[in-house]
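Fold and contact review
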Amino acid sequence: MNILAVESSCDETAAAVVTDGRTVRSSVVASSTTMHRKYGGIVPEVAAREQLRCIIPTIRETLQQADTPLTAIDALAVTYGPGLIGSLLVGVETVKALAMVTGKPVIPVHHVIAHMYANLLDPVSGTPEVSFPAISLVVSGGHTELFVLESWQSLRWLGGTVDDAAGEAFDKAARLLGFANLGGPAIQQAAAGYHPPQPPLVRLPRPMLDQPALTFSFSGLKTAIVREWQKQPPTPLRVSAFAHEIQEAITDVLVRKTMLAAARHQARSLLISGGVAANSRLRTKFAAALSEVAGAPSLHIPPLQYCTDNAAYIAAYAYQRNSPVPWQDITARPDLSVERDI
Ligand code: KG4
Ligand code: ZN
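Residues numbered from 1 in each chain as written. Chains lettered and ligands numbered in written order. Predicted model: local features only at pLDDT ≥ 70, side-chain atom pairs only at ≥ 80, totals over all residues. Heavy atoms only, no water.

1. With respect to the side chain of T79
Its location among the elements puts T79 in strand β4 (residues 75-81). For T79, a relative accessible area of 1% puts it in the buried group. At 2.6 Å, the side chain of T79 forms a polar contact with the side chain of E7. Other than its neighbours up to four places away in sequence, T79 contacts V6, E7, S9, L88, V92, V109, H111 and I314. (Helix = DSSP H or I, 4+ residues; strand = E, 2+ residues; numbered from the N terminus. Buried < 20%, exposed > 50% of the residue type's maximum accessible area, 1.4 Å probe, protein only. Polar contact = N/O pair within 3.5 Å; in protein donor to acceptor, adjacent residues only side chain to side chain. Contact = heavy atoms within 4.5 Å.)

Rendered as structure tokens:
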């Protein structure tokens, strides 16, 4: 079954063709990095206008790369929420028009939940399949959420952030440190190779680390970063020390809470996904934490290109859920909650 999926919930414009929910035939992402650099973040109005310009060429390119004509597509999928309203509308209305003209079924997709299905894409032979129950951490620019899955069709939300998302914390901290590019990769790069002296130059809190609730909070960390940063003038050494400690603080909390959820639910697999799952320190820490557990769950983290926003995992989700809706009934839902789709 060939699914053509479209994703435009934030500032990216993406399309993909995926066969049987697993084999990525093509995945095209029109990047917004230059916009980030120019405006220091996302300007919704600017993003939507850019997406309107990109959407048709992106869909055409993905079909060409997959060497698949529209007639060989069995179903369409599109992100309908959550996200920026102008951005969502671009993808949703384009796919509805395609559905009306071609008569193909459309599967509406929840962006946050879809992230975890990136773990199904392009399976490498020899790696273990996901076993259930599985704990899933979706950690992106807008979300930090934990779910428990009984199967790919059945899942339950366990908890999430009460304020900022982990990616947002990376992005805000990076801006403070003077980086113009996307926060997470900039912090990761600045932290690389830095070894803190004893005592360290900077020490930041690990919010909610020792509390039993499966909730996260990153806004206090942001305040602590600002307070510590303003104590002395910036130097290249301070930038590296801060980047290192920020990355350590955020990843410590993500790993500890996820391991707590895994133990509580006797998880047989751990699924990590979303843009922050691209972080190499986070990957290393999860592997290290699991190596200390007898009968540890298997660890699944998608390849880098499927961590950040793309349309391939939208297709993977659509294949697993396979719940088409008449195109007339699909509307963009910017505030779609993480508990709604389950
Ligand atoms: O999933 P995503 O592309 O978009 C959302 O759905 O939000 O995630 C984007 C987030 C950004 O906050 C970005 O800074 C973060 O993912 N990110 C990273 C890394 N690469 C992207 N955070 C930490 N380390 C990285 N290497
Ligand atoms: Zn995302």
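2. As for the packing of aromatic side chains
Enumeration according to the criterion identifies five aromatic pairs in this entry. Ring centres of F132 and W152 lie 5.8 Å apart, and the angle between their planes is 85 degrees; this geometry places the pair in the edge-to-face category. Within this pair, whereas F132 is found in the loop between α4 (111-115) and β6 (134-139), its partner W152 is found in the loop between β7 (144-151) and β8 (154-160), the two being separated by 20 residues in sequence. The class for F132 is partly exposed, based on a relative accessible area of 22%. What links up through ring pairs into an aromatic cluster is the set Y117, F132, W152 and Y317. (Phe/Tyr/Trp six-rings, centres within 6.5 Å; stacked < 30°, edge-to-face > 60°.)

3. Structural notes on the coordination of the zinc ion (ligand 2)
Ideal values differ by geometry: the angle at a metal is 109.5 degrees with four tetrahedral donors, but 90 or 180 degrees with six octahedral donors. Donor atoms from the polypeptide that coordinate the zinc ion (ligand 2) comprise H111 (NE2), H115 (NE2) and D309 (OD), at 2.0 to 2.1 Å from the metal. One can describe the site at the zinc ion (ligand 2) as tetrahedral: its four donor atoms subtend angles covering 99 to 134 degrees at the metal. Coordination of the zinc ion (ligand 2) draws on donor residues from a single chain, spaced H-x3-H-x193-D in sequence. Of this pair, H111 and H115 both sit in helix α4, four residues apart, roughly one helical turn. The class of H115 is buried, set by a relative accessible area of 1%. (Donors = N, O, S within 2.8 Å, 3.2 Å for Na, K, Ca; no water. Tetrahedral: all angles 85-135°; square planar, octahedral: opposite > 155°, others 65-115°.)

4. Re the environment of P108
Take P108: it is sitting in strand β5 (residues 106-110). We classify P108 as buried; its relative accessible area is 16%. In this structure the C-alpha to C-alpha distance between P108 and I314, which are 206 residues apart in sequence, comes to 9.1 Å. Excluding anything up to four places from it in sequence, P108 contacts V78, Y80, Y317, S323, V325 and I330.

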